[in-house]
Amino acid sequence: MNLEILNDIPPLTPDTKIAFAQLLFNELTFSHLPVVDGDLYLGCLSEYDVRSFEEDKLVGDFSLDFESFFVKEGVNELEVLETLSKYQTNLMPVLSQEKGMYLGYVELQEVISVYGDMSFLSEYGNVIVVQKGVNDHSFSEICQIVESNNIKVLAVYVSSMEKDVVETTLKTSDGDMNVLLQTFRRYGYEIVSDHYDDVFLKNLQERSRYLDKYLNM
C-alpha cells in the first residue's frame, strides 16, 4: 500500500467523554473515528451515532455501537477503496499484519487522488458496465470481445455481485461503441450502462414509443 498512514487525529478511547467526541466531529469532516485501548483496535464510532449519545457518558459505554471495519497494512489501494465504499466511510483504520495493532488511518480523499494519477483513469476512453450469470462470466471473454473490435482494454473489474449475476465495469480506448455493444449482446451480456450511440437501445425506445402511441389511440 502506497498510501500514507496518518496519526494527526488521536483516536478515541473507552475513557473519552462523549462531549469531546462530539466536539471532534464538529471540527472534522470524518464520518467515523477509531476507538482504541492502547494499541488494541476496538472499532469505530460514527458521527451519526455519537450525536445522539448523552454528553456526560463515556465512549466505552457504547461499545455495542462500535463498527468493526479496517484494512491490514500492505493491502493494495483497490481493497482499501472497496472497504471504504462497503462501509460508507471516509476514514479507514489500518492495522498491523501480524498482531492487528492500530497503526493509524487513511483518508478516502487520498485514495481517490492516488487513483486519479493512474493512467487508466486519466487516459481518455469509454466506460461500459455489463452483466452476466456468474457461471458464464469470464474476464478473458470480455477482453477478447473488446479487442476483437480493435479496441483496447484499459481496466476491467467486478463492480457488483448479487445472487447469481456478476456486474463488470470496464474502461476501453475510443472506438465504435455501437458495434462493441452489439457484440457483447451477441455473447449474452446485458448492457447496464447508458450510451449515446447505442443504436439497439434507440430502436427499442422508438418501438416502445410507437407501441404506447398505438395503444393510446
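Refer to the structure presented above.
Residues numbered from 1 in each chain as written. Predicted model: local features only at pLDDT ≥ 70, side-chain atom pairs only at ≥ 80, totals over all residues. Heavy atoms only, no water.

Draft legend 1. Structural view of the overall build of the chain. Counting secondary structure elements, the chain contains eight helices and nine strands. Within the chain, contacts between residues at least 6 apart in sequence are counted, and of these 58% link residues at least 24 apart. Summing over all exposed atoms, the chain offers an accessible surface of approximately 13200 Å²; the carbon and sulfur share of this is 50%. (Helix = DSSP H or I, 4+ residues; strand = E, 2+ residues; numbered from the N terminus. Contact = heavy atoms within 4.5 Å. Areas by Shrake-Rupley, 256 points an atom, 1.4 Å probe, with all protein chains shown as cover.)

Draft legend 2. Summary view of the sheet that holds strand 4 (residues 91-95). An order of 3-4-5 is seen for the three strands of this open sheet, with the pairing classed as mixed. Where the open sheet ends on each side, the last strands, each with one partner, are strand 3 (71-72) and strand 5 (102-107). Here five bridges tie strand 4 to strand 5, and the two strands are oriented antiparallel to one another. In the strand pairing of strand 5, Val 94 is matched with Gly 104. Along the sheet, helix 3 (residues 77-86) makes contact with strand 3, strand 4 and strand 5, crossing strand 4 at roughly 130°. (Pairing = 2+ DSSP bridges. Axes fitted to C-alpha atoms, helices over the stretch in contact; angles between N-to-C directions.)

Draft legend 3. Representation of unusual backbone geometry within the structure. Look at Gln 88: it is not a glycine, yet its phi comes out positive at around 50°. Position of Gln 88 among the secondary structure elements: in the loop between helix 3 and strand 4. Here Gln 88 falls in the exposed class, since its relative accessible area comes to 62%. If you check the backbone angles, Asn 150 has positive phi at about 60° while not being a glycine. Structurally, Asn 150 is set in the loop between helix 6 (139-148) and strand 7 (153-162). On the basis of relative accessible area, Asn 150 is assigned to the exposed category, the value being 73%. (Buried < 20%, exposed > 50% of the residue type's maximum accessible area, 1.4 Å probe, protein only.)

Draft legend 4. Structural context of helix 6. Residues Ile 142, Ile 145 and Val 146 constitute the buried set of helix 6. Considered in projection along helix 6, the buried side chains sweep an arc of 95° and stay on one side of the axis. What points out from helix 6, more than 90 degrees from its buried face, is the exposed set Ser 140, Gln 144, Glu 147 and Ser 148. Turning to helix 6, the residues buried within the fold contact strand 6 (126-133), strand 7, strand 8 (165-172) and helix 7 (177-186). Remark: Asn 150 follows helix 6 within two positions and exhibits a positive phi of approximately 60°. (Arc of directions from axis to C-beta.)

Draft legend 5. Here's a closer look at the environment of Lys 72. Of note, Lys 72 is situated in strand 3. On the accessibility criterion, Lys 72 (25% relative accessible area) is partly exposed. Non-local contacts of Lys 72, meaning those with residues more than four positions away in its chain, are made with Val 94, Leu 95, Ser 96, Gln 97 and Gly 100.

Draft legend 6. Inspection of a nonpolar patch on the surface at higher detail. A cluster of nonpolar residues, Val 134, Phe 139, Val 158 and Met 161, forms a patch on the protein surface that exposes about 310 Å² of accessible area. Considering the arrangement of structural elements, one finds Val 134 in the loop between strand 6 and helix 6. (Patch = residues over 30% accessible without salt bridge, like charges linked within 9 Å, V, L, I, M, F, W, Y side chains within 5 Å. Salt bridge = Lys/Arg side-chain N within 4 Å of Asp/Glu carboxyl O.)

Draft legend 7. Looking closely at the sheet that holds strand 8. Read from one edge to the other, the open sheet built from four strands follows the order 7-8-6-9, with strand pairing classed as antiparallel. Single-partner strands in this sheet number two, and they are strand 7 and strand 9 (190-191). Note: strand 6 against strand 9, two bridges, orientation antiparallel. When the sheet's bridge partners are listed, Val 130 is paired in strand 9 with Ile 191. Running over the sheet, helix 6 touches strand 6, strand 7 and strand 8 and is turned about 135° from strand 7. Sheet strands in contact with helix 7 are strand 6, strand 8 and strand 9, and its direction is about 10° off that of strand 6.

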